[in-house]
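Understanding the architecture of this molecule
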Amino acid sequence: MPSGSGKLTGRVAIVTGASRGIGSAIARKFAQEGAKVVINYNASSKQAQEIQRDIAEKGGESIVFKGDVSNSREVKAMVEATMARFGRVDILVNNAGIIFRKKILESTEEEWDRTMDVNLKSVYLCSKAVAPIMIQQKRGKIVNISSISGLNGPPSALEIPDYTASKAGIIGLSRALSLNLAPLINVNVVCPGATETDMLGTMSEERRRVRIAETPLGRFGRPDEIAAAVLFLASDDSDFVTGETLVVSGGRPQT
Ligand code: NAP
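In what follows, the accompanying structure is described. (Residues numbered from 1 in each chain as written. Predicted model: local features only at pLDDT ≥ 70, side-chain atom pairs only at ≥ 80, totals over all residues. Heavy atoms only, no water.)

Details of empty space enclosed by the protein
Applying the stated criterion to the full structure yields two cavities of 30 Å³ or more. For the second largest cavity, the calculated volume is near 40 Å³. Arg11, Asp90, Ile91, Arg139, Gly140, Lys141 and Ala234 are the residues that line the second largest cavity. By residue class, the composition of the lining of the second largest cavity is two nonpolar, one polar and four charged. (1 Å grid on protein atoms, 1.4 Å probe; cavity = no way out; pocket = protein on both sides within 12 Å on 5 of 7 lines; lining within 4 Å. Points joined across faces, edges and corners; volume = space filled by probe spheres on them. Nonpolar A, V, L, I, M, F, W, Y, C, P; charged D, E, K, R; others polar.)

Here it is as structure tokens:
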């Protein structure tokens, strides 16, 4: 029996990029709250299966689905597999993301395209694939994971052009979707600040030091702290919230 307070009992949730980091924390938290979870991943098969095992041991239910969220065929197959197994889709969390951490002069056109495809186009593709189902169900929640890099974050969070553009794009796209899909589907955004995951492994020690010094709460976030904010936007607690952006970053630098 899941150990949470049942906020998502009976709900079916697709979490993209749930094999590692923030996505895996969201999948775990949703299962704990009673949701049946689709653990999407692209490369990390072993980790995705570990999350599934973990969820099962705690009495939850999930399936693992390998699919590149930037590929419309694979996204369609993921939604079809969800319907075949669970018969509905109540929640979509567009979490999958990548970063190359290169400034414009070092970055390549291929990296720009891949970043845009995985981080931004995927939100369009996955949302478009689940929206007709949610509309038919007369209810649905879409939560998109952007970043303080897509907002007016500190300069150290804004230096990577393709990543920053993709994350700002998610916020604009989400606003448009919140209008397109109202009143039946709520579409909101969570903007994490630096959070302890593999993604930070590609950040230099010097940059880590600067980012922590800039953060009023003096530390990086934990994946479960981001998952808690996503849970709010995926649950009934946020039924009157749409088109909004929730920042979970340890505070804004005071200038
Ligand atoms: P992470 O630890 O690197 O995990 C990324 C996840 O995305 C993995 O599960 C990965 O799965 C999946 N993924 C990557 N490309 C994919 C694709 N084409 N199709 C499907 N899944 C794919 O990163 P994270 O830190 O948890 O980041 C999660 C989200 O939070 C991202 O959108 C990121 O931009 C955002 N974010 C992170 C931070 C931070 O400091 N960590 C801050 C702000 C925002 P595979 O390994 O299976 O490919």
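After that view of the structure, there is still more to cover.
Observations regarding the sheet that holds strand β6 (residues 185–192)
The sheet built from seven strands is open, its strands ordered β3-β2-β1-β4-β5-β6-β7 with parallel pairing. Lying at the two open borders of the sheet, with one neighbouring strand each, are β3 (61–66) and β7 (245–248). Going across the sheet, the axis of each strand differs from the next one's by a mean of 20°, ignoring polarity. Of the strand pairs in this sheet, strand β2 (residues 36–41) and β3 are connected by six bridges, and their pairing is parallel. Bridge pairing in β3 places valine 38 opposite isoleucine 63. Along the sheet, helix α1 (residues 21–32) makes contact with β1 (12–15), β2, β4 (91–94), β5 (140–145) and β6, crossing β1 at roughly 170°. (Pairing = 2+ DSSP bridges. Helix = DSSP H or I, 4+ residues; strand = E, 2+ residues; numbered from the N terminus. Axes fitted to C-alpha atoms, helices over the stretch in contact; angles between N-to-C directions. Contact = heavy atoms within 4.5 Å.)

Quick word on the pairing of β6
For a regular strand, the rule is simple: side chains alternate between the two faces of the sheet. Among the eight residues of β6, eight are classified as buried, and the element is accordingly described as predominantly covered. Because side chains alternate across β6, one face comprises the buried residues Ile185, Val187, Val189 and Cys191, and the other comprises Asn186, Asn188, Val190 and Pro192, equally buried. Judged from the six bridges that link them, β5 and β6 form a sheet pairing that is parallel. The partner of lysine 141 across the bridge, within β6, is asparagine 186. Crossover connection from β5 via helix α5 (residues 161–180) to parallel β6: handedness right-handed. (Buried < 20%, exposed > 50% of the residue type's maximum accessible area, 1.4 Å probe, protein only. Right-handed = clockwise from strand over helix to strand, strands pointing away.)

A closer look at the packing of helix α3 (residues 72–86) against helix α4 (residues 109–137)
Viewed as axis vectors pointing N to C, α3 and α4 meet at an angle of 35°, and their least axial separation amounts to 9 Å. Classified by chirality, the crossing of α4 by α3 is right-handed. Between α3 and α4, the residues in contact are Ser72, Val75, Met78, Val79 and Met83 and Leu125, Cys126, Ala129, Val130 and Ile133, respectively. In the contact of α3 with α4, the residues fall into nine nonpolar, one polar and no charged. (Left-handed = near helix turned anticlockwise from the far one by under 90°.)

With respect to the layout of surface pockets
Of the voids in this model, the largest pocket is the one considered here, and its volume is about 910 Å³. In terms of lining, the largest pocket is formed by 46 residues, of which the most central are Asn95, Ala96, Gly97, Ile98 and Met199. Contributions of two or more residues to the lining of the largest pocket are made by α1, β2, α4, α5 and α6 (205–214). Here the residues of the lining of the largest pocket are counted per class, giving 18 nonpolar, 19 polar and nine charged.

Notes on the pattern of salt bridges
For side chains of opposite charge, pairing can occur when their charged atoms come near one another. Evaluation of the coordinates by the stated rule reveals 19 salt bridges. Salt-bridge contacts for arginine 219 lead to glutamate 225; the nearest nitrogen and oxygen are separated by 2.8 Å. Among the residues examined, arginine 219 registers a relative accessible area of 37% and is labelled partly exposed. When the shortest N-O distance is used, the salt bridge between aspartate 224 and arginine 222 registers 3.0 Å. One continuous salt-bridge network, built from bridges that share partners, spans Arg11, Arg139, Lys141, Asp236 and Asp239. (Salt bridge = Lys/Arg side-chain N within 4 Å of Asp/Glu carboxyl O.)

Brief notes about the site of the ligand
Close to the ligand lie 33 residues; Ala43, Ser44, Asn95, Tyr163 and Thr197 are nearest. Within the backbone of glycine 67, a nitrogen or oxygen atom sits 3.5 Å from a nitrogen atom of the ligand. In the complex, the protein chains occlude 95% of the 890 Å² of accessible area that the ligand would expose alone. In this structure the site holding the ligand corresponds to the largest pocket. Secondary-structure elements contributing two or more residues to the shell around the ligand are α1, β2, α4 and α5. Grouping the amino acids of the shell around the ligand by side-chain chemistry returns 14 nonpolar, 14 polar and five charged. (Near = heavy atom within 4 Å. Polar contact = N/O pair within 3.5 Å; in protein donor to acceptor, adjacent residues only side chain to side chain. Areas by Shrake-Rupley, 256 points an atom, 1.4 Å probe, with all protein chains shown as cover. Sits in = over half its atoms within 2 Å of the grid points.)

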